[in-house]
Amino acid sequence: MKQKPPAPWFNIANPAIRTDKTVSVIGAGIAGCTVAAALHRRGFQVTVIDRHQQAGQEASGNAQGIVYPKLSARDDLLPRVNLAAIRAASHYYQPFWQAGLGRQCGVLVVPENQKARDDFLLIGQRFADQPQLVEAVHGESIEALSGIALQAQLALYFPTLGWLPPALVCQQLLALNGIPLLQADIASLQYSDSENSWQLRDREQQSVINSETVVIASAYDCKQFEQTSYLPLRKLRGQITQLPATAESRKIKTVICGEGYITPADNNDNHSCGATYNKDLFTTELRDQDHRANLQQMAATDAGLAAVLGQPDSSQLPGRANFRCTTPDYLPIAGPVPDAAAMLSDYAMLRRDAKALITTSGRYLPNLFVNCGMGSRGLSYAPLTAELLANQIAGQMSALAQGEEQHKQEQPEEQPKQQKKQQEELCQAMHPARFLIRDLKRNRI
Ligand SMILES: Cc1cc2nc3c(=O)[nH]c(=O)nc-3n(C[C@H](O)[C@H](O)[C@H](O)COP(=O)(O)OP(=O)(O)OC[C@H]3O[C@@H](n4cnc5c(N)ncnc54)[C@H](O)[C@@H]3O)c2cc1C
């Protein structure tokens, strides 16, 4: 791994006192519920607050969400985070799959073009010693795995991934851990120095709850809080289509991804396929043109898929539309919330010299954390970011996610020191201060 220049802004100059273990998590999507459960396991007294009565009613509310793997032949930061994420996720969801939520049916990814084919071969070589993680599969074995005849002659197969109903996962994470869900639409957060605690207020300015620590996990709506309004988040609409299974499509055994994705039929005999990407469109109404786009994506993914799905009438199809919360570098945001004004002043010299030697640690808001920016892969990222964040809040730098631990056992030569470095790299890659520093260095802020 290349030696990275020091990044003092990621060190906390003003660690806050912690006297009790009360945490409020704003947002009961997959980001909020996984972090709530991770904190509960560490002995925190957690309350989740959401504007809906039930968990998983917005982006995390589709009937079938896939644990989507995005690897690369290159050993860059984004694929390294993605690798850690799918390792953690495949382990994390085991109990849900075992309890009958969704299915660990494997995920088969077919290449979209020649470049992807070349990459898949390299990925197959790179992970040749880890067939339990991913395998490049060819020819007839593709049909044996997927259950239907596909035209693709090469694919990547991830045997330990699959699909889940995200809302039920969110609800179970709270129920199984006895974490209360409070219904309130939080409008602002105010810190009281004398009480060492945050007060959360609703739209009527009524106090909803006080707690020492707060995790903001409200997806794009992190933008509405003064403390996290600086985050460069985008709201990106997407629609999925639910397709009634046909005699032939019922044979689909794995999730199949390419230009789009399709799941095996669920208990209601529907496949979920999608999804569209519409920026600057802010409606959750279903659109016929998006159903058609999803069907076209299926055909573009593989002609074999189009053949088994028949010709459904798009105007009659059910589906669901909601919003992803995306970041400019496609990585989630998980960590302590910087005092943005203080950072801009402390590191102002980066505007003139991006390589200026600075030793000052960063100033952060007391016991305030954020977990958002899950983009199109919330199910894959959330177990990892939750674990990292809970470790940071609990002041632990111990085992990351058990998926990493499992990997460590598979790779006995790997040193714990390297594991710690990897963990630090993951934290920095997803750090909430990274955008402020990046923009200072580019003299854009
Ligand atoms: C069409 C579509 C298909 C997708 N398919 C997949 C897939 O197959 N696999 C996958 O991994 N990902 C998929 N995604 C992405 C995935 O849905 C998201 O990454 C994930 O759900 C984000 O989780 P979250 O908890 O950050 O946000 P959300 O689930 O949106 O949760 C945020 C919560 O915060 C609450 N909230 C917001 N503001 C406030 C406030 N002020 N006060 C109180 N509560 C508040 C909201 O009510 C909401 O419950 C898809 C997304 C879309 C749109």
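In this text, all values refer to a predicted model and were calculated from it rather than measured experimentally.

(A) Summary view of helix 1 (residues 30–41). Counted at 1.5 Å a residue, the expected span for helix 1 with its 12 residues is 16 Å, and the 16 Å between its end C-alpha atoms agrees. Burial runs high along helix 1: 10 of the 12 residues are buried. Ile30, Ala31, Gly32, Cys33, Thr34, Val35, Ala36, Ala37, Ala38 and Leu39 are the residues of helix 1 that are buried. Summarising the contacts, the buried residues of helix 1 are in contact with strand 1 (22–26), strand 2 (45–50), helix 6 (166–177), strand 12 (213–216), strand 19 (364–372) and helix 10 (378–393).

(B) Quick peek at the pairing of strand 1. Extensive coverage of strand 1 is indicated by the burial of 4 of its 5 residues. Sheet topology places strand 1 next to strand 2; 5 bridges connect them, and they run parallel. Within strand 2, the residue paired with valine 23 across the bridge is valine 46. In terms of handedness, the path from strand 1 via helix 1 over to strand 2 forms a crossover that is right-handed. Relative to strand 12, strand 1 runs parallel, the two being bridged by 4 bridges. When the sheet's bridge partners are listed, valine 23 is paired in strand 12 with threonine 213.

(C) Geometry of the domain arrangement of the chain. When cut into domains, the chain gives domain 1 (8–59 + 168–233 + 329–441) and domain 2 (107–159 + 234–326). With 10 residues of domain 1 at the interface, the matching set in domain 2 holds 7 residues. The residue inventory of the side of domain 1 that touches domain 2, partitioned by class, reads 6 nonpolar, 3 polar and 1 charged.

(D) Representation of the site of the ligand within the structure. Taken together, 43 residues sit near the ligand, with Gly27, Gly29, Gly238, Gly378 and Leu379 positioned nearest. The set of elements that each furnish at least two residues to the shell around the ligand consists of helix 1, strand 2, strand 3 (65–66), strand 13 (234–244), strand 17 (319–326) and helix 10. Among the elements that take part in the shell around the ligand, strand 17 stands out by supplying 4 residues, more than any other. Taken together, the residues that form the shell around the ligand break down as 19 nonpolar, 17 polar and 7 charged. Composition of the shell around the ligand by domain shows at least three residues from each of domain 1 (8–59 + 168–233 + 329–441) and domain 2 (107–159 + 234–326).

Rules used in this analysis
Residues numbered from 1 in each chain as written. Predicted model: local features only at pLDDT ≥ 70, side-chain atom pairs only at ≥ 80, totals over all residues. Helix = DSSP H or I, 4+ residues; strand = E, 2+ residues; numbered from the N terminus. Expected span 1.5 Å × (residues − 1). Buried ≥ 20, exposed ≤ 12 C-beta atoms within 10 Å, placed from the backbone. Contact = placed C-beta atoms within 7 Å. Pairing = 2+ DSSP bridges. Right-handed = clockwise from strand over helix to strand, strands pointing away. Domains from an automatic or database assignment. Nonpolar A, V, L, I, M, F, W, Y, C, P; charged D, E, K, R; others polar. Near = placed C-beta within 6 Å.

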